[in-house]
Amino acid sequence: MADNKNMLVRANLKQLKLPAMGGEFEKLAREAAAANEGYEQYLLRLTELEVAARASNAVQARTRAAGFPVAKDFDTFDFTAVPSLSKPKVLELARGEWIEQRTNACFIGSPGTGKTHLAIALGLAACRHGKRVRFATAATLVTRLEEAQKQYQLDRVLAQLDRIDLLICDELGYLSFSRAGAELLFQVFADRYERRSLLVTSNLAFSEWSQVFQGERMTAALLDRLTHRCQIFEMNSESFRFRESMKNKKSKKSE
Ligand code: ADP
Ligand code: MG
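## Structural notes on the overall build of the protein
Secondary structure assignment for the protein yields 12 helices and five strands. Relative to the 2.2 N^0.38 estimate, which gives 18 Å for 255 residues, the radius of gyration of the protein is 24 Å and therefore markedly larger than a compact globule would have. Of all 255 residues assigned to the protein, the portion counted as buried reaches 40%. Accessible area of the protein: about 15,000 Å², with a carbon and sulfur share of 53%. The protein carries 38 positive and 31 negative side-chain charges, and their two centres are separated by 2 Å.

## Section: the site of ligand 1
With respect to spatial proximity, 16 residues lie near ligand 1, and among them Asp-78, Gly-112, Lys-115, Thr-116 and His-117 are the closest. The contact in question runs from an oxygen atom of ligand 1 to an N or O atom on the side chain of Thr-116, over 2.7 Å. One of the side-chain nitrogen or oxygen atoms of His-117 is found 2.6 Å away from an oxygen atom of ligand 1. Here ligand 1 loses 85% of its free accessible area of 550 Å² to cover by the protein chains.

## Considering the sheet that holds strand β5 (residues 230-234)
One open sheet accounts for five strands, arranged β2-β3-β4-β1-β5; its pairing is parallel. Only two strands of the sheet have a single partner each, and these edge strands are β2 (133-137) and β5. Adjacent strand axes in the sheet meet at a mean angle of 10°, parallel and antiparallel pairs treated alike. In terms of strand pairing, β2 meets strand β3 (residues 166-172) through five bridges, oriented parallel. By the bridge assignment for β3, Thr-137 is matched with Asp-170.

## Things to note about the packing of aromatic side chains
Evaluated as defined, the whole model comprises six aromatic pairs. Both rings, one in Phe-68 and one in Phe-135, keep their centres 6.2 Å apart while their planes meet at 65°; by these two values the pair is edge-to-face. Note that Phe-68 is positioned in the loop between α3 (39-66) and α4 (87-94) and Phe-135 in strand β2, a separation of 67 residues in sequence. Since its relative accessible area comes to 16%, Phe-68 is described here as buried. With relative accessibility at 9%, the residue Phe-135 sits in the buried group. Counting every residue linked through ring pairs, the aromatic cluster contains Phe-177, Phe-206, Trp-209 and Phe-213.

## A closer look at empty space enclosed by the protein
Applying the stated criterion across every chain, the model contains two cavities of 30 Å³ or more. Empty space within the largest cavity amounts to approximately 50 Å³. In terms of lining, the largest cavity is formed by Asn-104, Phe-189, Ala-190, Arg-192, Tyr-193, Arg-196, Leu-198, Leu-222, Arg-225 and Leu-226. Of all elements in the fold, only α9 (179-192) and α11 (216-227) reach the threshold of two or more residues within the lining of the largest cavity. Residue composition of the lining of the largest cavity, grouped by class: six nonpolar, one polar and three charged. What the second largest cavity holds in volume is close to 40 Å³. Contributing to the lining of the second largest cavity are Arg-102, Thr-103, Asn-104, Tyr-193, Glu-194, Arg-225, His-228 and Arg-229. Broken down by class, the residue content of the lining of the second largest cavity amounts to one nonpolar, three polar and four charged.

## Digging into the domain arrangement of the protein
Accessible area lost on assembly of the parts is the figure often given for the size of an interface. Partitioning the protein into domains gives domain 1 (2-66) and domain 2 (74-243). With centres defined by C-alpha atoms, the gap from domain 1 to domain 2 works out at 40 Å. In this assembly, five residues from domain 1 lie in contact with nine residues from domain 2. Taking both sides of the interface into account, the surface hidden between domain 1 and domain 2 amounts to around 540 Å²; carbon and sulfur atoms contribute 60%.

## Some thoughts on the environment of Arg-195
The topology assignment puts Arg-195 in the loop between α9 and β4 (197-202). Beyond its immediate stretch of four places on either side in the chain, Arg-195 contacts Arg-102 and Asp-162.

## Digging into the environment of Gly-123
Its place among the elements puts Gly-123 in helix α6 (residues 115-128). For Gly-123 and Leu-158, which are 35 residues apart along the polypeptide, the C-alpha to C-alpha distance reads 20 Å. Non-local contacts of Gly-123, meaning those with residues more than four positions away in its chain, are made with Phe-68, Val-133, Leu-166 and Ile-168.

What counts, and where the lines are drawn
- Residues numbered from 1 in each chain as written.
- Chains lettered and ligands numbered in written order.
- Predicted model: local features only at pLDDT ≥ 70, side-chain atom pairs only at ≥ 80, totals over all residues.
- Heavy atoms only, no water.
- Helix = DSSP H or I, 4+ residues; strand = E, 2+ residues; numbered from the N terminus.
- Rg over C-alpha atoms; globule rule 2.2 N^0.38 Å.
- Buried < 20%, exposed > 50% of the residue type's maximum accessible area, 1.4 Å probe, protein only.
- Areas by Shrake-Rupley, 256 points an atom, 1.4 Å probe, with all protein chains shown as cover.
- Lys, Arg positive; Asp, Glu negative; His and termini not counted.
- Charge placed at Lys NZ, Arg CZ, Asp CG, Glu CD.
- Near = heavy atom within 4 Å.
- Polar contact = N/O pair within 3.5 Å; in protein donor to acceptor, adjacent residues only side chain to side chain.
- Pairing = 2+ DSSP bridges.
- Axes fitted to C-alpha atoms, helices over the stretch in contact; angles between N-to-C directions.
- Phe/Tyr/Trp six-rings, centres within 6.5 Å; stacked < 30°, edge-to-face > 60°.
- 1 Å grid on protein atoms, 1.4 Å probe; cavity = no way out; pocket = protein on both sides within 12 Å on 5 of 7 lines; lining within 4 Å.
- Points joined across faces, edges and corners; volume = space filled by probe spheres on them.
- Nonpolar A, V, L, I, M, F, W, Y, C, P; charged D, E, K, R; others polar.
- Domains from an automatic or database assignment.
- Contact = heavy atoms within 4.5 Å.
- Buried area = accessible area lost by both parts, 1.4 Å probe.

Next up, the structure:
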């Protein structure tokens, strides 16, 4: 009799698309009976499971959609390796209010200093806060925009980007763009001004950005928008990669 009832409950929960409750209701019922818990307490525990499972699935889906190249988080970031970087300021960004306020962040520094690592960790934190995030290198972003333009899909791609709360543009400055490509990237940056957040990492100091954007005027206009209400982090330490490989070499020598 109980089996029959449980089967019906399971079927109902399935139809109502409540899989976590469907999977756990019997176990929880046994626990509730053993602990002499009331009906409301049982229902509360059961619904909490479903709510938690949904939240976790949503974070997973947002993280997948963000397109991070690798998984990086703050727990593996050694802040002591970059003494010039303010750990409290970075962790403040991890709380996500800057995205609520539609402000920007820039990480500027030489290769291997952890810019991409922090950009991903901040993107992940934003996903956990329920934000829509996209990660792309500047080169990929420009290529995608140029392709879209060729196929008369630019408006659609721009509209997609417009729905993203945090756009991470990694590695600005490694490659320079064509005039048209630079203009497209400029358009994306300018469109987001005061409406959506942007996180940019670059190996170039701002004074050198005109190399990428070809022309002082476009660079000045872009920097004006980007850096107005922007947290700027300069990461000029020795390359972490380089230091790690030196450490390995030393330890091999002493073996
Ligand atoms: P950048 O983007 O500045 O060139 P990355 O973020 O790609 O540098 O860092 C290069 C590698 O070194 C990555 O594997 C990254 O996880 C690691 N790394 C860099 N800085 C740190 C750090 N301070 N603590 C831990 N790992 C780091
Ligand atoms: Mg990088």
